[in-house]
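Residue-level structural notes
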Amino acid sequence: MIEKHIVIEDIDPVMLYGVNNANIQMIKALYPKLRIAARGNVMHVMGDELEMCAFEENIGKLQKHIAKYNSLTEDEILLVLRGEPTAKDSTEGVIVYGVTGKPITARTPNQKSLVRAYSECDMVFATGPAGSGKTYTSIALAVRALKNKEIRKIILSRPAVEAGEKLGFLPGDMKDKIDPYLQPLYDALEDMIPPTRLKEMMEQNVIQIAPLAFMRGRTLNDAVVILDEAQNTTPAQIKMFLTRMGNNTKMIVTGDMTQIDLPRGTRSGLREACEVLHDVKGIGFVEMDESDIVRHRLVTRIVKAYERHDKSREQPPSVPQRPPQSPRDPLNPPV
């Protein structure tokens, strides 16, 4: 009889143990020769040596299943332990699985183009209207790379530019001050990584969220780096950001050219970067449109209405034509 302590890593132990420990009770029933007690992220196991080896191997398989799919049901436990494929294994085109086990996929042709550009290029520019999935798809690609151990960290950045409002003094420490600008990035991460695991990753700097202003001087290695809302960068800022790229790093730059919040007269760094770098080998460009919008159907209609409005403002006003007049006779002026 031997005793072992198995540490549960890289996943939330609650997913392995199940609601009200339902999963762990089922696993115990499959190994009657072992005494199993689970506390926190440690499993204390005592019993037959051969069964212990099989148990440890299968717990490893279940952890990998949870890390990939973010879920574990009783049916999946049996299939994984038998080495049989689950229903999720046959799903094609999935980037990553959300916290509820729901598959996150590229839903439109241009989103698929972004996934393809990411695989082919180390730097990708994705532009398009609000709601077209630029940021969400980019973060899903980054989370997948982290789960597959292709990189060691994810770095998410945004310029701290207010959308037409002056917020003034914000209370709290530096994190409290910048969090409101970065909330959309948190929202996407919370859809894809369980809360406990996400908190650990952020505390360990595996996932870093940083304002663009703090990027100068850094060299970013072994990472996926995403710059969101890049239309609100200046040319100097985006040049500084792009030159932070280190070894084994991929960069994704996203932005909406129709929502520039820079002071009047300031040129958008994203617009200039797309013009300057368009022919550079190894950089991909994906341009999305209103057909890619996956939010409420009204968002598509709103975007189209504003596009029509902007085009009408760009056209010069028509000058009314005067009716032709006969030439005047200076000797016989009209009465």
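About the criteria used
- Residues numbered from 1 in each chain as written.
- Predicted model: local features only at pLDDT ≥ 70, side-chain atom pairs only at ≥ 80, totals over all residues.
- Heavy atoms only, no water.
- Helix = DSSP H or I, 4+ residues; strand = E, 2+ residues; numbered from the N terminus.
- Buried < 20%, exposed > 50% of the residue type's maximum accessible area, 1.4 Å probe, protein only.
- Contact = heavy atoms within 4.5 Å.
- Areas by Shrake-Rupley, 256 points an atom, 1.4 Å probe, with all protein chains shown as cover.
- pLDDT = per-residue confidence, 0-100.
- Patch = residues over 30% accessible without salt bridge, like charges linked within 9 Å, V, L, I, M, F, W, Y side chains within 5 Å.
- Salt bridge = Lys/Arg side-chain N within 4 Å of Asp/Glu carboxyl O.
- Pairing = 2+ DSSP bridges.
- Axes fitted to C-alpha atoms, helices over the stretch in contact; angles between N-to-C directions.

Across its full length, the protein holds 11 helices and 11 strands. Scored against the burial criterion, the 335 residues of the protein give a buried share of 44%. A sequence separation of at least 24 residues applies to 69% of the contacts in the protein between residues at least 6 apart. Carbon and sulfur atoms make up 52% of the accessible area of the protein, which totals about 19,900 Å².

Okay, the confidence of the model for the protein next. Counting all residues, the mean pLDDT for the protein is 85, and 86% of those residues have values of 70 or more. Within the model, pLDDT remains below 50 along residues 162–168, and this stretch shows 6 contacts once partners closer than five positions in the same chain are excluded.

There is a patch of nonpolar side chains on the surface, built from Leu 298, Ile 302 and Tyr 306 and spanning about 320 Å² of accessible area. The residue Leu 298 is located in helix α11 (residues 297–314) in this model.

Moving on, we come to the sheet that holds strand β2 (residues 34–39). Spatially, β1-β3-β2 is the arrangement adopted by the 3 strands of the open sheet, whose pairing is antiparallel. Edge positions in the sheet fall to β1 (2–7) and β2, since each has one partner strand and no second. For this sheet, the mean angle separating the axes of adjacent strands, direction not counted, is 15°. Where β2 meets strand β3 (residues 42–47), 6 bridges bridge the pair, whose relative direction is antiparallel. Opposite Arg 35, over in β3, you have Met 46 as the bridge partner. Seen against the sheet, helix α3 (residues 49–69) touches β1, β2 and β3 and runs at an angle of roughly 5° to β1.

A separate point is the pattern of salt bridges. Tallied over the full model, the rule gives 10 salt bridges. A salt bridge links Lys 250 to Asp 122, with the shortest nitrogen-to-oxygen separation between them at 3.6 Å. Here Lys 250, found in strand β10 (residues 249–255), pairs with Asp 122, found in the loop between α5 (109–120) and β6 (123–127); they are 128 residues apart in sequence, far enough to count as distant.

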